[in-house]
Amino acid sequence: MSHVMNTYARLPVAFVRGEGAWLWDSEGKRYLDALSGIAVNTLGHAHPRFTAALNEQVGKLIHCSNIYEVQGQERLADKLCSLSGMQEVFFCNSGCEANEAAIKLARMYGHQQGIESPAIIVMEKAFHGRTLATLSATGNRKVQAGFEPLVGGFVRVPYDDLEAIRQVAQHNSHVVAVLVEPIQGEGGIRTLDIDYLEQLRQICDEHNWLLMLDEVQCGMARTGKWFAFQHTGILPDVMTLAKGLGSGVPIGACLTAGKAAGLFKPGNHGSTFGGNPLACTAGLTTLNIIEQDKLLAHADSLGRFIWQGLVTALQGVNGVKEIRGQGLMIGIELEKPCGDLVKLALAKGLLTNVTAENVIRLLPPLVMSKDEAQQLLDILCPLIKDFMQS
Ligand SMILES: *Cc1c(COP(=O)(O)O)cnc(C)c1O
């Protein structure tokens, strides 16, 4: 019997090594990775320059505590702010922690304005993590069930519905912030259009609310821009990052600008591991390699290639509802639950995922080649056709 707590319905395969977009299991079978550990392995597996930078850092200094200055944090924060236009960064170890920091910031911001019971607008089908505050912000009953009482102070509205937000603004004077994913990941690769985000920015400004974007999944060059909000003309007040930031080394970040900057003072927030020298090297090296290898443009063009391939192959296939997403964050919505497709693809040597029950999710590493993307299509499209005909 396993001594690992039974919190995941795991697939019966164990990977022992990887290279680029490929993984090998303990039996020596090779798999094409179209999931990247759920948007984590930005640079694929065992990227030579990334590995070298980590090795060098491990030999120098792994951890020293936030009691001291950490040079890597300064460098990574400088780089993240210059790429995003944000002003300050708090480093932590995961997406839920980055969102916890954002939630605490919003509450502190509210208290400073004399609002004793500040509320944050969140979305239906949102996913923000599994700590108590972030599961309360999450819009999925399955994540919350059994863990009540939930943390209060969240007001939920439908995704992609500005009118619902305007209604809340009229009736609720406790609201201090809106927390939203520019592209919902777990919720089924649902995208917001540019106009929605620009109008939401305006609503937040009119009411003095913080606009807080959860880019834990859609950030880090995945959509073909450094951050998903950069497809628009707006700047958020708060943005959270994690998943792809360290290419597999745990690191999260909560970035602030404008009225959200400067809110935390010493003692307000902290993390033992947050932004340690190893994690910051992973973050900084990931950003540098994305730049050097022009992976933004590659994510954009490869995303278009995969999207076009899917559209062409699946055109007219009964039960294929919609193919959507941006860059290398692609969802294929089917008319029936399709969790079984994950196992069928695994048997054929392809790693994918299904979210929201009926959405096949593709999150390939940014280093995937066009030839590998073609292999992905050649395996996946016939599987979907067969599955919809069965
Ligand atoms: C994965 C995810 C999180 C939670 O990140 P963890 O590192 O698992 O805590 C939060 N928000 C979004 C949008 C995510 O996709």
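Attention in this report is confined to the structure presented alongside it. (Residues numbered from 1 in each chain as written. Predicted model: local features only at pLDDT ≥ 70, side-chain atom pairs only at ≥ 80, totals over all residues. Heavy atoms only, no water.)

## Here's the deal with the sheet that holds strand β13 (residues 320-326)
The pairing of strands in a sheet comes from backbone hydrogen bonds and takes either a parallel or an antiparallel form. Strand order across the open sheet formed by four strands is β13-β14-β17-β16, with antiparallel pairing between neighbours. Each edge of the open sheet is held by one strand with a lone partner, namely β13 and β16 (353-355). Going across the sheet, the axis of each strand differs from the next one's by a mean of 25°, ignoring polarity. When β13 meets strand β14 (residues 329-334), the two strands line up antiparallel, connected through six bridges. Residue R324 lies in a different strand from β14, and its bridge partner there is G331. (Pairing = 2+ DSSP bridges. Helix = DSSP H or I, 4+ residues; strand = E, 2+ residues; numbered from the N terminus. Axes fitted to C-alpha atoms, helices over the stretch in contact; angles between N-to-C directions.)

## Here we look at a negative patch on the surface
Residues D160, D193, D195 and E198 make up a contiguous surface patch of negative charge. Note that E198 resides in helix α8 (residues 194-207). (Patch = residues over 30% accessible without salt bridge, like charges linked within 9 Å, V, L, I, M, F, W, Y side chains within 5 Å. Areas by Shrake-Rupley, 256 points an atom, 1.4 Å probe, with all protein chains shown as cover. Salt bridge = Lys/Arg side-chain N within 4 Å of Asp/Glu carboxyl O. Lys, Arg positive; Asp, Glu negative; His and termini not counted. Charge placed at Lys NZ, Arg CZ, Asp CG, Glu CD.)

## A few points about the pattern of salt bridges
Under the criterion given, the structure shown has 15 salt bridges. The salt bridge partner of R49 is D293, with a shortest N-O separation of 2.7 Å. Of this pair, R49 sits in helix α2 (residues 48-60) while D293 sits in the loop between α9 (277-292) and α10 (295-314), and the two are 244 residues apart along the sequence. Residue classification places R49 among the partly exposed positions, given a relative accessible area of 39%. You can call D293 partly exposed: its relative accessible area is 32%. Linking E333 and K321 is a salt bridge whose minimum nitrogen-to-oxygen distance equals 3.4 Å. You can see E333 sitting in strand β14 and its partner K321 sitting in strand β13, a full 12 residues away along the chain. A relative accessible area of 8% means that E333 is categorised as buried. (Buried < 20%, exposed > 50% of the residue type's maximum accessible area, 1.4 Å probe, protein only.)

These figures capture arrangement, not role.
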